[in-house]
Amino acid sequence: MSDLQSGAPQALKRTPLYDLHVELGAKLVPFAGYEMPVQYPSGITTEHLHTRKAAGLFDVSHMGQVRIDGEGREAALETLVPTDVAAIPEGGVKYSLFTNDQGGILDDLMISNAGDNLYLVVNAACKDQDIPLLRSALSPQQSLSEIDDHALIALQGPKAVGVLSRFAPSLARMPFMTTTMVDLAGLWCRASRSGYTGEDGFEISVPVDGALEFARTLLADEDVEPIGLGARDTLRLEAGLPLYGNDLDGTTTPNEAGLLWAVSKSRRETGGYPGADVIRAQITEGAPRKRVGLKPEGRAPVRGGAEVIDGEGRKLGLVTSGGYSPSLGGPVAMAYMERTEALAGDQVFALVRGKPLPCTIVKLPFVQQNYYRG
Amino acid sequence: MSELKFSEEHEWILIEGDVATVGITDHAQEQLGEIVYVETPEVGSEVNKNDDTGVVESVKAASEVFAPLTGEIIEVNEALADNPQKVNDDPMGDGWFFKMKIADTGELEGLMDEAAYKSFVAGS
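A few points on the structure. Just so it is clear, the model here is predicted, and its values are computed rather than measured.

1. Here we look at the packing of helix H2 (residues 44–53) of chain A against helix H7 (residues 229–238) of chain A
Residues and elements named next belong to chain A.
Piece 1. At a minimum axis distance of 9 Å, the contact between H2 and H7 shows a crossing angle of 55°. What the angle tells us is that H2 and H7 run oblique. As for how H2 packs across H7, the hand of that crossing is right-handed. In this structure, H2 contributes Ile44, Glu47, His48 and Thr51 to the contact, and H7 contributes Gly230, Ala231, Thr234 and Leu235.

Right under this line is the structure:
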């Protein structure tokens, strides 16, 4: 047996919900510099299926929450991202990307127009590079602050809205990808209807002082169970959502990743963000690669790093994420393929431990997304 | 007369005469979590101690299974192909992986007894 985890090293940070994870019997692992729950005693499959049918509570406080204040903040941010930030209405949330000069992706993020400021959520593993990058784009009229006095709790699944509406009925009417300030159990929170599971749900920025008690209150609801990073990964994989560092990196363009919808129409013409020329050219000429789904035959999981080949052994691409899908009861994977070979329905092979395993190319997502559009 | 031994790779080895039955320990299955796939070696294959002889995959990750001894694989647990969760449910029983004919009984010296394995796990 290889790869059994041993104890976590010392220097890891803890989120405001750490004591709750311990109390709930979570298995804690190092992740992006934090000691995070990978699963609770019920296990990844049970947690996953619970989120698909009821509501799962995720501690995502390791992610970077940032606010940008000051006149001209939209234009400043637009120098880094392909989103028409100025066009986001108050209370609107947009999925976006920091790009590099080659059109590659430095990180993905959420941008909210919070009225008198922009509220951003960036990946935990990238925040130490994103924040200096953001600062470099600001002029003296603007300022950036890290929101480290707020935890971030996601409540995801078809019953999330029912659970939260008991605290604030107005939340039920919010469409997906909108945000508002709201009183939840006596705490002044930012609630955004968004998530990373393919389900309806909310991400709630909660003052640190009340965060643990708030999580406990939500968990007291019979519809809510705590969910770890293990199920967060299987949920997002089934929903076809890319994971930064696996499925997206500095060599992947939005075109290749199937994320052109995150490049605002107006900015495809006007550019003014890093790599705009590359992204524009790939819109016209087509990107060299394309992100697709793979459905392996049989039971063996196909994981990130496996080569995709054709029947003659010619390399066609690379698997970037893969594993077991609890909803489908079998393996699923995402791969980047040569665009001309990335045809849904075609059979290819993934090389796993030297053996070619037959896989069918499929359209993403594997499991239908269930967002509330209002 | 049978004897139960353990390896540092978290395998149990039940020795009956010159045949060893091999599986992963309760501690190992608990650490791995829900097992979704097991690949057993081919019957008839000759393996050396510490060779890769299979794979056990949980929802989270793939882990190699190493041969605890040198010898010939004489039987594998075919039931694991369709029911890998047997490894979680009964790691020391129905969840066995393979049986091998022991080539060199001298290698048994390098394995731990149950008490030694327990303190090995406690100290790891």
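2. Focus on H2 of chain A
Residue and element names in this part refer to chain A.
Piece 1. Across the ten residues of H2, seven count as buried, placing the element largely inside the fold.
Piece 2. Ile44, Thr45, Glu47, His48, His50, Thr51 and Arg52 are the residues of H2 that are buried.
Piece 3. Against strand E2 (34–39), strand E3 (55–59), strand E9 (150–156), strand E13 (224–226) and H7 lie the buried residues of H2.

3. As for the interface of chain A and chain B
Piece 1. Contact residues are listed per partner, giving 19 residues for chain A and 21 residues for chain B.
Piece 2. Counting residues per element, the ones that place at least two in the side of chain A that touches chain B are H2, H7 and strand E16 (315–325) of chain A.
Piece 3. The residue inventory of the side of chain A that touches chain B, partitioned by class, reads six nonpolar, nine polar and four charged.

4. Topic: the nonpolar core
All names here are of chain A.
Piece 1. Counting 121 residues, the largest nonpolar core has Leu120, Ile153, Leu155, Leu294, Ala335 and Ala350 as the members making the most contacts within it.
Piece 2. Per-element accounting of this core gives the leading share, six residues, to strand E17 (residues 330–338).
Piece 3. Discounting chain neighbours no more than four positions away, the residues touching Ile153 are Leu57, Asp59, Ile204, Val206, Ala211 and Ala215.
Piece 4. Listed in part, the seven residues of the second largest apolar core include Ala26, Leu28, Val38 and Tyr40.

5. Description of the sheet that holds strand E5 (residues 46–47) of chain B
Pairing between the strands of a sheet is mediated by backbone hydrogen bonds and can be parallel or antiparallel.
Residue and element names in this part refer to chain B.
Piece 1. Reading across from one edge, E1-E2-E3-E9-E8-E5 is the order of the six strands in this open sheet, with antiparallel pairing throughout. A strand with exactly one partner marks an edge of an open sheet, and here the two such strands are strand E1 (2–6) and E5.
Piece 2. Where strand E8 (residues 71–76) meets strand E9 (residues 98–102), five bridges bridge the pair, whose relative direction is antiparallel. What sits directly across from Gly71, in E9, is Ile102.

Cut-offs used in this document
Residues numbered from 1 in each chain as written. Chains lettered and ligands numbered in written order. Predicted model: local features only at pLDDT ≥ 70, side-chain atom pairs only at ≥ 80, totals over all residues. Axes fitted to C-alpha atoms, helices over the stretch in contact; angles between N-to-C directions. Helix = DSSP H or I, 4+ residues; strand = E, 2+ residues; numbered from the N terminus. Parallel < 35°, antiparallel > 145°, perpendicular 65-115°, else oblique. Left-handed = near helix turned anticlockwise from the far one by under 90°. Contact = placed C-beta atoms within 7 Å. Buried ≥ 20, exposed ≤ 12 C-beta atoms within 10 Å, placed from the backbone. Nonpolar A, V, L, I, M, F, W, Y, C, P; charged D, E, K, R; others polar. Core = buried A, V, L, I, M, F, W, Y, C linked by C-beta atoms within 7 Å. Pairing = 2+ DSSP bridges.

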